[in-house]
Amino acid sequence: MVVKMASRNYMQNPVCLIENTQGGSLMINKEALKLLCDINETVVVVSVVGFYRTGKSYLMNRLAGKTHGFSLGSTVQSHTKGIWMWCVPHPTKRNHCLVLLDTEGLGDIEKGDQKNDSWIFSLAVLLSSTFVYNSVGTIDQYAVEKLHYVSDLTELIKMKANDEDDDDEELDLLKISPAFVWAVRDFTLELKINGQDATADEYLNHGLQLKPGVSKKVTEYNQPRECIRNYFRSRKCFVFVQPTSSKNLNQVETLPESQLDPQFVDVCHEFCQYIFVESEPKTIKGGHKINGRKLAILAKTYVDTIASGTVPCVGDAVTSMAKIENTAALADALTHYQQQMNLMAKLPTETEKLAEMHTLCRKEAIDLFMRRSFNDRDQAYYQQLVAELQTHYFEFCDKNEAASMEMCTNLLASLSSEMGKKLREGFYARPGGYQLYDEDRQKVILQFDSTAGKGNKAEDALIEFMKRKTPEADSVLQADKMLTDKDKELLVEQQRVAKAKQEAKAREEEVKAIEKMRDNNKMFYEESIQHLKLKMEEERENLQREQQMVLDSKLKEQKELMENQFQLKAQRMEGEIESLKKQQQSADTPSTLATVAKVVQGVLETAVNAYSSHKTMKLMASK
């Protein structure tokens, strides 16, 4: 069941996001995907992984602020199958959603498929911003060996496509990796190292200390420890005592806190507060924060890739996500523009009013696009948006002209209906008839000119009206016996001059409209540059923040290695650190502002020229 709160969808109960079928294949749950797609807030994703029957689900229920939800089970069988999801309001971050992922227990003897466990593990790493590893007992060699899945991450996760250089794979993995939290359950020892009191974090770091040497045995000992140190951006540890007596463990979710060990309750509270405060929003490569919809795209892309028998590629997933999101952002922006223009534009209207509406609706459409788009290489989608908005505007201009022409034509027909009646009755067929006809015609023109709301084709409609009236005017003129041939020639010339002036006035209006369009585009060009500057600055800041996180992580690791007499390993990191520092100093977005600005200017200029040519061709056709 889903509870709707304002623009958010939150779930009262968990749902299965990724199903683990009996055949051992993974499959995305389409209904869960729809729920995730409805979440527009930035997501903080916390996953929990561990061996079955170690109390993983209890911690996730506590994070959800519930005692029930994720299934705890009370037997020796694994209870959670696949990956289950629970989306709840984030308790401390406004406009954020906390997405909890409870994974199937590793090492299920009924399943007997270690590869399947590895995929579950890697998916939890790929999808989360905080990765909680839950184990029972102590952090010793046996516990670290059971965490061997982390050693396979570089084989189960590709950072770049096959045709790209993959020399910095570990650094790239670190950029998208979650924070690592080790939850040690049912801890019965004293927290001491070499007889000295120690914190949980010190206990973890002690368990992950490397051994000096290069022998096979030392290498095997160090490998999982080095992977944890290299593949996760930060490390944290919480040590939990047993929550209650052994006989009550199978009903721990129903027990009130007063019947739980106070030390266990305190650590649970510390654990939850740490997750709520310290867990960062989920980001993808480039430091871009994602919402539920983008998380859904990632989940589906990764699961579909695994199901196809290939290794998930982060670069491909982000490229696919960018294509989906930018295409949708483009479509939404264009739809918004058309809907708003249809609502605001009461056709026919004056050219300047239509231009003002276009400017307002275009700004709203671009703002909408900018909020949703990301990773828009060379701002290709933005350029397409600008071009299509211009095209839609020209379509509105054509519709406005057609509506104006229709209204003006009907108005002139109505105003001149009395003249037609007089003509049919022979009223003008007498001496001085042409003067009477011309007086009536001028009255029609005056009435027409004084009528408001005709739109921008009044002059063209009047030209067409006068053109249609020319044969009858000539007939009345030639039939007027009061006029000499010279008078008639003079009046014909006056008609020709009047017609030429009318056409010149109409063409002048057309030129003014085109020039006004060019002026508006110049203003828009400046606005466009500001839009792109802000967007590119946002992308640059995201990139710098990502690089700073990786740099801080590497510097901290280097310091620890130096303190523990691993100078050679620390020196080997110097190259990575220098490379990261250079990257941060020269952090730039994929597209350059000057190139995009030039293209946008070209798009606008081409569009106006095309519209001008279109108008010229219509004019020539009308002649």
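Note that the coordinates shown come from a computational prediction; the quantities given were computed from them, not determined experimentally.

To continue, consider the packing of aromatic side chains. All told, the structure shown has 20 aromatic pairs when counted by the stated rule. Through successive ring pairs, a cluster of aromatic residues spans Phe121, Phe131, Tyr133, Tyr149, Phe180, Trp182 and Phe232. The positively charged end of Lys211 is found above the aromatic ring belonging to Tyr221, 4.3 Å away from the centroid. Above the ring of Phe427, the side-chain terminus of Arg430 is found at 4.3 Å from the ring centroid.

Pairing is mixed across the open sheet formed by eight strands, whose spatial order is S4-S3-S6-S7-S5-S8-S9-S12. Only two strands of the sheet have a single partner each, and these edge strands are strand S4 (26–28) and strand S12 (235–239). Across the sheet, the mean angle from the axis of one strand to that of its neighbour is 20°, orientation sign disregarded. As paired strands, strand S5 (residues 42–50) and strand S7 (residues 96–103) are joined by seven bridges and run parallel to one another. Across the sheet, residue Val44 finds its bridge partner in S7, namely Leu98. Along the sheet face, helix H9 (residues 262–278) touches S5, S7, strand S8 (130–136), strand S9 (179–185) and S12 and points at about 160° away from the line of S12.

Before going further, it helps to spend a moment on the confidence of the model for the chain. Any segment with low pLDDT has predicted coordinates that should not be analysed in fine detail. Residue-level pLDDT values for the chain average 85, and 89% of them are 70 or greater. Note on residues 73–79: pLDDT is under 50 here. Beyond four places in sequence and across chains, it has 16 contacts.

The buried fraction of S8 amounts to six of the seven residues, a majority that puts the element mostly inside the structure. Across five bridges, the pairing between S5 and S8 is parallel. Within the sheet, the bridge partner assigned to Val46 lies in S8 and is Thr130. Across seven bridges, the pairing between S8 and S9 is parallel. Residue pairing in the sheet places Tyr133 in a bridge with Trp182 of S9.

Moving on, we come to the packing of helix H11 (residues 314–344) against helix H12 (residues 351–372). A packed helix pair is summarised by two numbers, namely the angle formed by the two axes and the spacing between the axes. Where H11 contacts H12, the axes come no closer than 8 Å and their chain directions differ by 155°. Classed by the angle they form, the pair H11 and H12 counts as roughly antiparallel. Crossing of H11 against H12: the hand is right-handed. Residues Glu325, Asn326, Ala328, Ala329, Leu330, Asp332, Ala333, His336, Tyr337, Gln340, Met341 and Met344 of H11 touch H12, and the partners they reach there are Leu354, Met357, His358, Leu360, Cys361, Arg362, Glu364, Ala365, Leu368, Phe369 and Arg372.

As a further point, take the environment of Asn134. Within the fold, Asn134 resides in strand S8. Classification of Asn134 by relative accessible area gives buried; the value is 0%. Note: C-alpha distance between Asn134 and Ser57 (77 residues apart in sequence) is 9.9 Å. Polar contacts involving the side chain of Asn134 include one to the side chain of Arg185, which spans 3.1 Å.

In this section: the state of the cysteines. Tallied over the entire structure, the rule returns zero disulfides. This cysteine, Cys268, is not joined by any disulfide, and Cys272 carries the nearest cysteine sulfur, 6.4 Å off. Cys268 sits in the buried class, given a relative accessible area of 1%.

Turning to the side chain of Ser57, a few remarks are in order. Along the chain, the position of Ser57 falls in helix H2 (residues 56–63). There is a polar contact of 2.5 Å between the side chain of Ser57 and the side chain of Asp102.

Attention now goes to the pattern of salt bridges. As a working rule, side chains carrying opposite charge can pair if their charged atoms are close by. The tally for this structure, following the rule as stated, stands at 21 salt bridges. Close ionic contact of Arg229 with Glu560 constitutes a salt bridge, the shortest N to O distance being 3.1 Å. A residue pair is termed long-range when its members are at least 10 positions apart, and Arg229 in helix H8 (residues 216–231) and Glu560 in helix H17 (residues 485–563) qualify at 331 residues. The partner of Asp367 in a salt bridge is Lys363, with the nearest N and O atoms 3.1 Å apart. With a gap of four residues between them, Asp367 and Lys363 both fall in helix H12, about one helical turn apart. Residue class for Lys363 comes out partly exposed when judged on its relative accessible area of 44%. It is possible to trace a salt-bridge network through shared partners that takes in Arg229, Arg235, Glu557 and Glu560.

Cut-offs used in this document
Residues numbered from 1 in each chain as written. Predicted model: local features only at pLDDT ≥ 70, side-chain atom pairs only at ≥ 80, totals over all residues. Heavy atoms only, no water. Phe/Tyr/Trp six-rings, centres within 6.5 Å; stacked < 30°, edge-to-face > 60°. Lys NZ or Arg CZ within 6 Å of the ring centre and 35° of its normal. Pairing = 2+ DSSP bridges. Helix = DSSP H or I, 4+ residues; strand = E, 2+ residues; numbered from the N terminus. Axes fitted to C-alpha atoms, helices over the stretch in contact; angles between N-to-C directions. Contact = heavy atoms within 4.5 Å. pLDDT = per-residue confidence, 0-100. Buried < 20%, exposed > 50% of the residue type's maximum accessible area, 1.4 Å probe, protein only. Parallel < 35°, antiparallel > 145°, perpendicular 65-115°, else oblique. Left-handed = near helix turned anticlockwise from the far one by under 90°. Polar contact = N/O pair within 3.5 Å; in protein donor to acceptor, adjacent residues only side chain to side chain. Disulfide = S-S within 2.5 Å. Salt bridge = Lys/Arg side-chain N within 4 Å of Asp/Glu carboxyl O.

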